[in-house]
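Here is how the chains run, residue by residue.
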Amino acid sequence: MKAKYALIALLAITFFGCDDNTAGLGLGMFPDSDRDINGKLRTFYVKTESVHAGKIYAMSNIGYVGKFTDETFGTYEAGFLAELNCPKGMTFPNAFSGNTESGTGQMMTSFDNVEDGVGKTYTIIKDGTTPIGNCQINIYLWYDSYFGDSLTACRLSMYELDQTLGDQYWYEDPYAYYTNIDPTKYYDKTTSLLGSKSYTAVDLSISDSIRNLSTYTPYIKITLDQAKTQDLGLQLLKDGRSQDLYSKFKGIFPGLYVKSDYGDGTILYINAVQMDVAFLEHARDSITGGLLHTSTGKDSVVYNGRSFTSTREVVQANRLENDSIAIQECIDKSEWTYLKSPAGIFTQVTLPVSEIADKLQGDTLNAVKLGIPIYNQTSDKKFGMSVPRSVLLIRKKYKDTFFKDNKLSDGITSVLFDYSSYTSSFTEYTYNNITQLINDCLADGEREAAEKELLKGPITLKITDSKGQIVDKEVYDITEWEKYSDWNKVVLIPVLVTKDSSSNSSSQVISIQHDLKPSYARLKGGPKMTQEEINGELQYNQDGTPKMVLKNPLKLEVVSTNFGPRAK
């Protein structure tokens, strides 16, 4: 008997996974001899609505910078803050302190005896009145890809961040990694500008033959002016002379902020920031250690340098800002729902958990399938956003800690739809089996606790209102509590899925992050209500008021089984 029961559960789940658009589950295929096993397929209606994404956790190794205006979602603007890494053991050469024959010292102290033309573009760094080096500092923003127009004229500015925020470094602020971070708290716009640069995503000043090389990576280069080089270079050269600079580097250069200040139409995806500190030093004999000279007796000098880069070991935070008015207009649409990344709009699904429990009445829940159809996107936009290919369905109460704690989908509190490895199109987000998620809602005891608490009086909930603001809401009965609490709510979130580099065809997911690239989808559903109509007749409640139902409800298919005689 138990074997038959297990077979029904297995086959039900199999039918769920066979076809993303399967309407029924084929329960009639089982033989009549199994009359003591009842398999039931029920359909429940599901309400969906667009909700504000709000601030999202956006710690990433990619920095986004630029501005783009879309006809539907308005203007989206991006900038980022980044820390640079100083490897342990990094030093700069000693300042010269001996004579040219002693072999002591490496850094030049005078430039009067240097070949003409050498180092003329470099800034002389002075400790008081004594030169200690000749230096130039360049900062590179490297990017592999971008969104939007390749030839839109843009300009970005780069600022040095303040050393501390009160008694705290900026990257120690617990709110530093959310998309609503306020960069103005961490730099002084009037004094900390490192430089500005105009650019286009595709640099036409570089020849096609160079740009087409597989080794070519586009970049934006900012060269610090003499005053900034004098200030920063002096600290680096002094504090790093023959001693490890690692422990002092954050105090010298806490990080930088990159923002867009001109142009509309391009978002760059910066995958690396690199600061090169180039300087001149005396050439030394590799055997004797003495200084080398030219045939005319002048000192020989060589170019040398140190690099500081953004890596996964250091912090990078993104500031992402959407057009609040345009986003609100999209959320107010009741005929459908939206997904809009980054940090724009999520789709919230209210699961009929209590209704399922009431209908089961002792039956065993075997399989639950939810399909969310995607409307075709119009192709009239010159730079249209693509449909998110990886979307996480997660219980609303866990959506913040999931990303902050770098968790993976477990099929219980979250279920992943991942179509990123396929090139073909798809027409719906299909979650073939969310049974464990439904069971998790039923088992967490939150509803039962609320029922007991309501016997003592109303409960105050923290909810997000229609404007995306957190407000208090008093509820007086369990129906109201279910309507406004997160207990039976799940949220659809566009995500970036990273898999291991194994050649194995069944590569494993190793990271799930918020998708911070522009994308969107318009989904079937929405909270719009209409009067119920059966066989052409409008339906009314007992009190004579129109009986209202969802205009575009989604369908939740539920398979359950029990043991007992079949109804004839």
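The model shown is predicted, which means the values in this text are computed figures rather than measured ones.

**Comments concerning the layout of surface pockets**
One number sums up the size of the second largest pocket: a volume of about 700 Å³. Lining the second largest pocket are 29 residues, and of these M59, S60, N61, R312 and Q513 sit closest to its centre. Contributions of two or more residues to the lining of the second largest pocket are made by β5 (130-148), β10 (266-282), α7 (399-404), β21 (489-499) and β22 (509-514). Ranked by residues supplied to the lining of the second largest pocket, first place goes to β22 with five residues. Classifying every residue of the lining of the second largest pocket by side-chain character gives 13 nonpolar, twelve polar and four charged.

**Some thoughts on the side chain of R306**
Turning to its location among the elements, R306 is positioned in strand β11 (residues 301-309). Looking at R306, its side chain comes within polar contact range of the main-chain oxygen of T91, at 2.6 Å. A distance of 3.4 Å separates polar atoms of two side chains, one belonging to R306 and the other to N304. Setting aside residues up to four positions removed in sequence, R306 forms contacts with M90, T91, F92, P93, M275, D276, V277 and F279.

**Some points on the nonpolar core**
Among the nonpolar cores identified, the biggest contains 47 residues, and Y64, F73 and F403 are the most heavily contacted of them. Residue contributions to this core peak at four residues, all from β21. If near-sequence neighbours (up to four positions away) are discounted, Y64 is found in contact with Y76, A78, G79, F80, I267, L268, Y269, N318, L320, L516 and K517. In this structure, V353, I356, V391 and I434 belong to the second largest nonpolar core, which totals 41 residues.

**Looking at the confidence of the model for the protein chain**
Confidence in the prediction for the protein chain averages 83 pLDDT; 79% of positions are at 70 or higher. Predicted confidence in the protein chain is weakest over helix α1 (residues 2-18), with a mean pLDDT of 46, and strongest over strand β16 (residues 390-395), with 97. Here residues 1-11 scores under 50 on pLDDT; set against residues more than four positions off or in separate chains, the count is 15 contacts. Residue range residues 97-106 is modelled with pLDDT below 50. Its contacts to residues more than four positions away, or to other chains, number 21 contacts.

**Considering the packing of aromatic side chains**
Under the definition given, this model contains 22 aromatic pairs. When the centroid spacing of 5.6 Å and the interplanar angle of 65 degrees are considered together, the rings of Y140 and Y219 count as edge-to-face. Note that Y140 is positioned in strand β5 and Y219 in strand β8 (residues 219-223), a separation of 79 residues in sequence. Each ring, one from F417 and one from Y419, has its centre 5.8 Å from the other, and the planes form 10 degrees; the classification is stacked. We note that F417, like Y419, is buried. By way of ring pairs, the aromatic residues F417, Y419, F426, Y429 and Y431 are connected into one cluster. We note R306 situated over the ring of F92; from NZ or CZ to the ring centre the distance is 5.5 Å. The ring centre of Y76 lies 5.4 Å from the NZ or CZ of K340, which sits over that ring.

**What about unusual backbone geometry?**
In most cases, non-glycine residues show a negative phi, while peptide bonds are predominantly trans. For the peptide bond that leads from S341 to P342, omega is 0 degrees, which places it in the cis range. Along the chain, the position of P342 falls in the loop between β13 (336-341) and β14 (345-350). For A343, which is not a glycine, the phi torsion comes out positive at approximately 55 degrees. For A343, the location among the structural elements is in the loop between β13 and β14. Of note in this structure, N406 is not a glycine but carries a positive phi near 55 degrees.

**A closer look at the environment of A272**
Tracing the backbone through its elements, the reader meets A272 in strand β10. Residue A272 is classed as partly exposed on the basis of its relative accessible area of 22%. Residues A272 and Y140, spaced 132 residues apart in sequence, show a C-alpha to C-alpha distance of 8.1 Å. Once residues within four sequence positions are removed from consideration, A272 is found in contact with Y140, L141, W142 and S310.

**Some words on the pattern of salt bridges**
The tally for this structure, following the rule as stated, stands at 17 salt bridges. Here K399 and D400 are joined by a salt bridge, their closest N and O atoms 3.3 Å apart. Its relative accessible area of 16% is what places K399 among the buried residues. On the basis of relative accessible area, D400 is assigned to the partly exposed category, the value being 44%. In this structure, the salt-bridge partner of K547 is E532, at a minimum N-O distance of 3.5 Å. Of the two residues, K547 is situated in the loop between β26 (537-538) and β27 (548-550) and E532 in the loop between β24 (529-531) and β25 (533-534); the sequence distance between them amounts to 15 residues. Look at the salt bridges and you will find they share partners, linking R395, K397, D440, D444 and E446 into a network.

Scoring rules and cut-offs
Residues numbered from 1 in each chain as written. Predicted model: local features only at pLDDT ≥ 70, side-chain atom pairs only at ≥ 80, totals over all residues. Heavy atoms only, no water. 1 Å grid on protein atoms, 1.4 Å probe; cavity = no way out; pocket = protein on both sides within 12 Å on 5 of 7 lines; lining within 4 Å. Points joined across faces, edges and corners; volume = space filled by probe spheres on them. Helix = DSSP H or I, 4+ residues; strand = E, 2+ residues; numbered from the N terminus. Nonpolar A, V, L, I, M, F, W, Y, C, P; charged D, E, K, R; others polar. Polar contact = N/O pair within 3.5 Å; in protein donor to acceptor, adjacent residues only side chain to side chain. Contact = heavy atoms within 4.5 Å. Core = buried A, V, L, I, M, F, W, Y, C linked by side-chain atoms within 4.5 Å. Buried < 20%, exposed > 50% of the residue type's maximum accessible area, 1.4 Å probe, protein only. pLDDT = per-residue confidence, 0-100. Phe/Tyr/Trp six-rings, centres within 6.5 Å; stacked < 30°, edge-to-face > 60°. Lys NZ or Arg CZ within 6 Å of the ring centre and 35° of its normal. Salt bridge = Lys/Arg side-chain N within 4 Å of Asp/Glu carboxyl O.

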